[in-house]
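Read off the chains here:
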Amino acid sequence: MKTVAAVGLVCALLVGAVSAQEDGPVTSRLAEMFLLAPVALSELIDGGGEASYFDFDAARAVYPDVDPFDLEGPIFALASASTIAGDLYQAETVDMRGAIGIGLDDIAQAMYFGRPPAILKVLKGEFDAEAVRAALQAYGLAEAEGEGGQFVFCNPESCAEGMAQNIQARNPGNPFGGNIGRLETVILIESDEPRADLLIASPGEDLARMTAARAQMSELEPVDLSLMQAAGLFTSYDPQAELVMAGVFNAGLTLGLDDAPADTIVPEFVGFAGIATKAGMQHTLAGFIFDQDANVGGLPALLDSRLALQAVNGQRTYGEIFADAGLIVGTWTLVLLDDAQGLLLPMMVQAEVLLNDGPRLIYRMIAQRDFGWLLPVLD
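Source: prediction; values computed, not measured.

1. Here we look at helix α8 (residues 129–139)
In step 1: For α8, the complete set of buried residues consists of Ala 129, Val 132, Arg 133, Ala 135 and Leu 136.
In step 2: Those residues of α8 that are buried are in contact with α7 (96–100), β4 (142–144), β5 (150–154), β6 (185–189) and β7 (197–202).
In step 3: Of the residues that open α8, the one with a side-chain oxygen 3.0 Å from the backbone nitrogen of Glu 130 is Asp 128.
In step 4: Just past α8, the residue Gly 140 takes up positive phi, approximately 130 degrees.

2. Quick look at the confidence of the model for the protein chain
In step 1: Averaged over all residues, the pLDDT of the protein chain is 79; the fraction at 70 or higher stands at 79%.
In step 2: When pLDDT is averaged over each helix and strand of the protein chain, the minimum, 33, is found for helix α1 (residues 7–22) and the maximum, 98, for β7.
In step 3: Taken together, the stretch residues 375–379 has pLDDT below 50 and engages in 15 contacts with residues farther than four places along the chain or on a different chain.

3. A few points about the pattern of salt bridges
In step 1: For the coordinates displayed, the defined rule picks out eight salt bridges.
In step 2: In this structure, Arg 60 engages Asp 57 in a salt bridge whose closest nitrogen and oxygen atoms are separated by 2.7 Å. Placement of the pair is Arg 60 and Asp 57 together in helix α4 (residues 56–62), with a separation of three residues, close to one helical turn.
In step 3: Among the salt bridges present, the one from Asp 87 reaches Lys 121, with a minimum N-O distance of 3.5 Å. In this pair, Asp 87 is assigned in helix α6 (residues 83–94) and Lys 121 in strand β3 (residues 118–125), connecting sequence segments 34 residues apart.
In step 4: The partly exposed category is assigned to Asp 87, whose relative accessible area is 24%.
In step 5: Through salt bridges that share partners, Asp 57, Arg 60 and Arg 195 make up one connected network.

4. Topic: a negative patch on the surface
In step 1: Taken together, the side chains of Asp 291, Asp 293, Asp 338 and Asp 339 make up a negatively charged region of the molecular surface.
In step 2: Looking at where Asp 293 falls in the secondary structure, it is placed in the loop between β10 (281–291) and α11 (299–307).

5. What about the nonpolar core?
In step 1: Counting residues in hydrophobic clusters, the biggest one holds 47 residues, and the most contacted among them are Leu 30, Phe 34, Phe 113, Ile 200, Val 248 and Phe 272.
In step 2: No other element matches helix α10 (residues 225–236), which puts six residues into this core.
In step 3: In this structure Ile 200 touches Leu 120, Lys 121, Val 122, Thr 185, Val 186, Ile 187, Ile 189, Ala 208, Thr 211 and Ala 212, once residues within four positions along its chain are discounted.

6. Some remarks on α11
In step 1: Within α11, the full set of buried residues consists of Leu 299, Pro 300, Leu 302, Leu 303, Arg 306 and Leu 307. Buried residues of α11, seen end-on, are gathered within an arc of 160 degrees and therefore sit on one face of the element.
In step 2: Against the buried residues of α11 lie β10, α12 (318–324) and β13 (340–349).

7. A closer look at the state of the cysteines
In step 1: Enumeration over the complete set of coordinates arrives at one disulfide.
In step 2: Here Cys 154 engages in a disulfide with Cys 159; their sulfurs sit 1.9 Å apart. What sets the handedness of the Cys 154 and Cys 159 disulfide is the S-S torsion sign, and at about 80 degrees it is right-handed.
In step 3: Cys 154 gets classed as buried once you look at its relative accessible area, which sits at 2%.
In step 4: Under the relative-accessibility criterion, Cys 159 is labelled buried at 12%.

Parameters and conventions
- Residues numbered from 1 in each chain as written.
- Predicted model: local features only at pLDDT ≥ 70, side-chain atom pairs only at ≥ 80, totals over all residues.
- Heavy atoms only, no water.
- Buried < 20%, exposed > 50% of the residue type's maximum accessible area, 1.4 Å probe, protein only.
- Helix = DSSP H or I, 4+ residues; strand = E, 2+ residues; numbered from the N terminus.
- Contact = heavy atoms within 4.5 Å.
- Polar contact = N/O pair within 3.5 Å; in protein donor to acceptor, adjacent residues only side chain to side chain.
- pLDDT = per-residue confidence, 0-100.
- Salt bridge = Lys/Arg side-chain N within 4 Å of Asp/Glu carboxyl O.
- Patch = residues over 30% accessible without salt bridge, like charges linked within 9 Å, V, L, I, M, F, W, Y side chains within 5 Å.
- Areas by Shrake-Rupley, 256 points an atom, 1.4 Å probe, with all protein chains shown as cover.
- Lys, Arg positive; Asp, Glu negative; His and termini not counted.
- Charge placed at Lys NZ, Arg CZ, Asp CG, Glu CD.
- Core = buried A, V, L, I, M, F, W, Y, C linked by side-chain atoms within 4.5 Å.
- Arc of directions from axis to C-beta.
- Disulfide = S-S within 2.5 Å.

Here it is as structure tokens:
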């Protein structure tokens with residue numbers, strides 16, 4: 001399949017890259033959440049983990065008249081393709097407010113990253129401290145000592161017991177380990193800024209406390225500079241669009257067959273998939289972030305050829321699947337960052353209805369590791 005050129009979009013990507021390098025790190029709601037990570041995301045998602053980000057307030061702004069629980073609506077469709085948003089929706093349908101003292105309407109942004117048991121969940125929004133305290137204590141957590149301005153709640157046995165599981169105490173209404181009956185360490189930090197309170201949860205006490213301490217620093221330097229640059233570029237390709245969802249994963253290995261020619265192998269990479277919306281029009285941006293010294297010059301043409309491969313399930317190529325979903329596929333663009341390389345693919349949904357499966361398709365194809373389309377092309 002021949003990809004359709006999206007010259008304006010590519011130019012915006014290149015301009016965003018130059019701006020990011022000249023003016024310092026680009027700030028965005030996504031980048032601000034990435035900054036809270038106390039260790040490199042690549043470390044937390046090593047060996048098969050992922051990062052999942054969802055901006056509930058952005059989704060509400062784009063679709064102000066949509067019921068978030070309309071199963072045929074765009075907000076629910078986007079959330080169902082996001083790990084963290086899906087978990088929160090499930091908890092809300094059971095009784096999240098009863099379990100942890102907040103509801104879905106209270107949450108502005110959410111991020112999940114890691115690989116069990118090294119998991120971290122961060123919720124940002126407007127949280128009632130007394131309601132959270134009452135709910136968590138009634139649920140079985142005990143208040144523990146925290147730094148100034150922190151409310152810390154732990155397994156009553158000790159904060160170190162946050163990884164303990166008790167299937168008999170399973171409660172899907174608790175998004176912080178409730179599915180396996182876990183009492184994770186939960187830390188609440190109130191903010192003077194609107195919708196900027198934080199709920200930080202992890203089965204590991206150290207990870208939760210490190211994140212909380214980092215969140216209270218006056219100035220934050222990125223732990224993983226390449227991902228921060230990618231996040232800035234990610235959010236700059238269309239300044240008028242709201243970024244609703246993003247995902248990050250570490251491939252963890254070099255893709256390709258052992259006996260494949262060198263020019264058909266994709267180097268080890270970190271993958272991105274994001275969805276931005278503007279006035280009901282959805283855009284998808286997929287990307288791969290490589291080390292500076294990786295040999296990636298031939299990858300755009302290689303990946304174009306792989307889009308022409310048949311999907312693992314079905315008789316169509318991935319290019320045909322995208323076309324059937326109403327996607328205009330742009331041109332792969334290689335962008336140099338300060339200490340990395342970014343290979344980005346913009347797409348735009350062409351549909352008369354608000355909801356389209358194209359963005360979910362590319363997100364799931366990347367995040368759920370359907371790598372059939374990335375297998376080497378061998379004669």
